[in-house]
Amino acid sequence: MSSQWADDDDRLLAALGDAVRAARDVPASFVEAGRAAYTWHGIDAELAALTFDSAAEPAAAPAIRAEEASPRFLSFTAADLTIELEIGPDAITGQIVPPQPGHADACPASGPAASTEIDEIGCFVIRPLPASPFRLHCHASSGISALTTWITL
Amino acid sequence: MRDDSPVARLVAQARDGDKDAWDAIVDRYAPLIWSICRRYQLDRTDADDVAQSVWLRLVDQLEVIREPAALPGWIATTTRRECGRVVTAARRREAFGSGLDAENIPDGRPDEAETEVLMAERNAALREAFGALPAPCQRLLALLITDPPVSYADISAELGIAVGSIGPSRARCLERVRRHPAVAALINVDPADGGDISEQPVGR
């Protein structure tokens, strides 16, 4: 790496000024939000990774207006559980596979989670749409606990 | 960067549940995320959105990061991807005819991306060195980097030191910055050899 910036005092002082200003320009609340993200560290659940997102697929005929858009489908896969979601305009319909009852928590980045029942065939509805971004924490009756990666609507 | 770098240490500590180490990581790289968001001309709300996505993702990744030294690169890449996502979403909201076409979006060419990460590392090292300076040095350098510049006469009055001693003090304080291990590592000077530098005449 070229280190001309440290070659003489004028350059070093200029580099130091840039460094100090770069940090000073960052709003304190911007930093604080980053610090707060750590509350998500060490959650005791299996991570369910995103394995399908219809929004990430190249659309055959791209919807031009939002109101023409079809529902978005997402799949998350953990070792012992798959979570399928359909994002509608005002609610999320989901199912866990293998089907079993339990409950699902929609967890926003901060603030309380919204809990909803998962019925006997593994289906659940989350209404209204959670604040974005959020992650879904599914607790199945078999004892499986799976947490999706972050979902941005 | 070596795996015994400060970043690698911070990642290992944060993984083990050390909140202070996490805060240090955030403090170190928030300016990198912020500057990328500025380059994409995001407003504050969108910038917050991007940063939140990056940090939340990183918390999940802590357990699986194999090469902590690659962290700044990962943060920069993830930030640019999130910025791209936000810009695309904004364009969709505006539906037709916004002036934003793909070519206007700074998508981070490899060299530019690398420079951004190197700058972030350099800035972090310089801030670390600055923070480790004795208070008189910090006060002096803080005045010297003020933009617009403060005159030596004003600095003299502010700090109660003779105008004639500002130059030598400046050189001495900057030498401390240069010799701080974090900075020395970047300028490829073995700290053990640092003594040679101070023997050289000031104000080359």
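Everything below is about the structure shown above.
Parameters and conventions
Residues numbered from 1 in each chain as written. Chains lettered and ligands numbered in written order. Predicted model: local features only at pLDDT ≥ 70, side-chain atom pairs only at ≥ 80, totals over all residues. Heavy atoms only, no water. Helix = DSSP H or I, 4+ residues; strand = E, 2+ residues; numbered from the N terminus. Rg over C-alpha atoms; globule rule 2.2 N^0.38 Å. Buried < 20%, exposed > 50% of the residue type's maximum accessible area, 1.4 Å probe, protein only. Contact = heavy atoms within 4.5 Å. Lys, Arg positive; Asp, Glu negative; His and termini not counted. Charge placed at Lys NZ, Arg CZ, Asp CG, Glu CD. Buried area = accessible area lost by both parts, 1.4 Å probe. Salt bridge = Lys/Arg side-chain N within 4 Å of Asp/Glu carboxyl O.

### Details of the overall build of chain A
Link 1 in the chain: When you go through chain A residue by residue, the secondary structure sums to two helices and nine strands.
Link 2 in the chain: Traced from its N-terminal end to its C-terminal end, chain A shows the element sequence α-α-β-β-β-β-β-β-β-β-β.
Link 3 in the chain: A globule of 153 residues ought to have a C-alpha radius of gyration of about 15 Å, yet chain A, at 22 Å, is considerably larger.
Link 4 in the chain: Expressed as lengths along the three principal axes of its C-alpha atoms, the size of chain A is roughly 70 × 40 × 30 Å.
Link 5 in the chain: Looking at chain A residue by residue over its 153 residues, the buried ones come to 41%.
Link 6 in the chain: Taking all contacts inside chain A whose residues are at least 6 apart in sequence as the whole, residues at least 24 apart take part in 52%.
Link 7 in the chain: The positive charge centre, built from 8 side chains, and the negative charge centre, built from 21, are 10 Å apart in chain A.

### Description of the interface of chain B and chain A
Link 1 in the chain: The interface of chain B with chain A comprises 46 residues on the first partner and 39 residues on the second.
Link 2 in the chain: Note on chain B versus chain A: buried area summed over both sides is about 4,200 Å², and carbon and sulfur give 66% of it.
Link 3 in the chain: Of all residues in chain B, the largest losses of buried area upon contact with chain A belong to W34(B), L56(B) and I145(B), amounting jointly to 15% of the total for that side.
Link 4 in the chain: Summed over the shared surface of chain B and chain A, the number is five salt bridges.
Link 5 in the chain: Residues D60(B) and R135(A) are paired through a salt bridge, measuring 2.6 Å at the closest nitrogen-oxygen approach.

Remember that the coordinates give geometry; whether it matters functionally is a separate question.
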